[in-house]
Amino acid sequence: MTTTHHLNEQMLLGYSAGVLPEAFNLVVASHLCLSDDARAMQCCYDALGGAVLNKCEKEKMSLNALSLTLQQIKTCPCDTQAPQICTGIFPEPLQKYVGDKPEALRWRSLGKGVRQAIIPTAKGATVRLLFVPAGQSVPDHGHRGTELTLVLQGVYVDHGNRYGRGDIEIATPKTTHHPIAETGQDCICLTATDAPLRFSRMLHRLLARLLRL
Ligand code: ZN
């Protein structure tokens, strides 16, 4: 699938090196299922990482290091195996966390029809599904860290850019934005953040605390 807005090198390298928080890993793995370009780039970074490892000094390891590593790989829900072709709304890595039916999730209202479903992951960052009705907007906000937003259904517009299925937007502490879902289809996004958002309006600030935004 061809996408317009991709992850940056830093995120893809972090994913290949396995240093991203679980929440970010989930967004990256889901993006890779939906973007041919990103998948090709990530294969290059994996190969690069392998070449670097081959050049590293050898380290003495415990006798059970291999079996422990294999066990960790087996039990990690967000593995880094080659992504499967995605046919439903939710890419395969996301299905491992929430199943494949948006209507079966426990959505929590954020007002004006906007809903979220937080996905439990390890500490360090949080990830949620965001449902924005067609034509509706997300309150304008800033960021204290990095925010990754992957579109799974519908289209939203932000600062004049259109983000459709498979596209990813990266927001930083320099970004203030006000994404608006286009009319025609409700928008569903997968969003990860590693720090709370900043809201200018008092009501939104209070809600943000309650809703872990
Ligand atoms: Zn944002």
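See the structure printed just above.
Described below are features of the structure shown in this document. (Residues numbered from 1 in each chain as written. Predicted model: local features only at pLDDT ≥ 70, side-chain atom pairs only at ≥ 80, totals over all residues. Heavy atoms only, no water.)

1. Quick look at the nonpolar core
Then, in step 1: Among the nonpolar cores identified, the biggest contains 34 residues, and Leu 94, Ile 119, Leu 129, Leu 152 and Leu 190 are the most heavily contacted of them.
Then, in step 2: Within the residue set of this core, elements represented by two or more residues are α1 (9–17), α2 (22–34), α3 (36–55), α5 (92–98), β2 (114–119), β3 (126–132), β5 (147–153) and β11 (187–193).
Then, in step 3: Residue contributions to this core peak at eight residues, all from α2.
Then, in step 4: The residues contacting Leu 94, other than those within four sequence positions of it, are Leu 26, Ser 30, Gly 99, Ile 119, Leu 129, Leu 152 and Leu 190.
Then, in step 5: Formed by 10 residues, the second largest nonpolar core is a distinct cluster that contains Val 132, Val 138, Tyr 163 and Cys 187. (Core = buried A, V, L, I, M, F, W, Y, C linked by side-chain atoms within 4.5 Å. Buried < 20%, exposed > 50% of the residue type's maximum accessible area, 1.4 Å probe, protein only. Helix = DSSP H or I, 4+ residues; strand = E, 2+ residues; numbered from the N terminus. Contact = heavy atoms within 4.5 Å.)

2. Side note on the pattern of salt bridges
Then, in step 1: The final tally for this structure, using the stated rule, is four salt bridges.
Then, in step 2: The partner of Asp 36 in a salt bridge is Arg 39, with the nearest N and O atoms 2.6 Å apart. Taken together, the positions of Asp 36 and Arg 39, both in helix α3 and three residues apart, correspond to about one turn of that helix.
Then, in step 3: Note that Lys 96 is salt-bridged to Glu 92, the shortest N-O span being 3.7 Å. Residue Lys 96 and its partner Glu 92 are both found in helix α5; the two are separated by four residues, about one turn of the helix.
Then, in step 4: Judged by its relative accessible area of 39%, Lys 96 is partly exposed.
Then, in step 5: Residue class for Glu 92 comes out partly exposed when judged on its relative accessible area of 27%. (Salt bridge = Lys/Arg side-chain N within 4 Å of Asp/Glu carboxyl O.)

3. Looking at the packing of aromatic side chains
Two measures describe an aromatic ring pair: the distance that separates the ring centres and the angle between the ring planes.
Then, in step 1: This model, assessed by the stated rule, comprises two aromatic pairs.
Then, in step 2: On the numbers, 6.1 Å between centres and 65° between planes, the contact of Trp 107 with Phe 131 is edge-to-face. Of this pair, Trp 107 sits in the loop between α5 and β1 (108–111) while Phe 131 sits in strand β3, placing them 24 residues apart in sequence.
Then, in step 3: Since its relative accessible area comes to 12%, Phe 131 is described here as buried.
Then, in step 4: Ring centres of Tyr 156 and Tyr 163 lie 5.0 Å apart, and the angle between their planes is 20°; this geometry places the pair in the stacked category. Like Tyr 156, the residue Tyr 163 is buried in the burial classification.
Then, in step 5: Here Arg 115 stacks its cationic end above the ring of Phe 131, 4.2 Å away from the centre of that ring. (Phe/Tyr/Trp six-rings, centres within 6.5 Å; stacked < 30°, edge-to-face > 60°. Lys NZ or Arg CZ within 6 Å of the ring centre and 35° of its normal.)

4. Some remarks on the packing of α1 against α2
Then, in step 1: Closest axis-to-axis distance for the α1/α2 pair is 10 Å, and the angle between their directions is 105°. With respect to α2, the element α1 is oriented roughly perpendicular. Two secondary-structure elements touch here, α1 through Met 11, Leu 12 and Tyr 15 and α2 through Phe 24, Asn 25, Val 28, Ala 29 and Leu 32.
Then, in step 2: Across the contact of α1 with α2, the residue classes break down as seven nonpolar, one polar and no charged. (Axes fitted to C-alpha atoms, helices over the stretch in contact; angles between N-to-C directions. Parallel < 35°, antiparallel > 145°, perpendicular 65-115°, else oblique. Nonpolar A, V, L, I, M, F, W, Y, C, P; charged D, E, K, R; others polar.)

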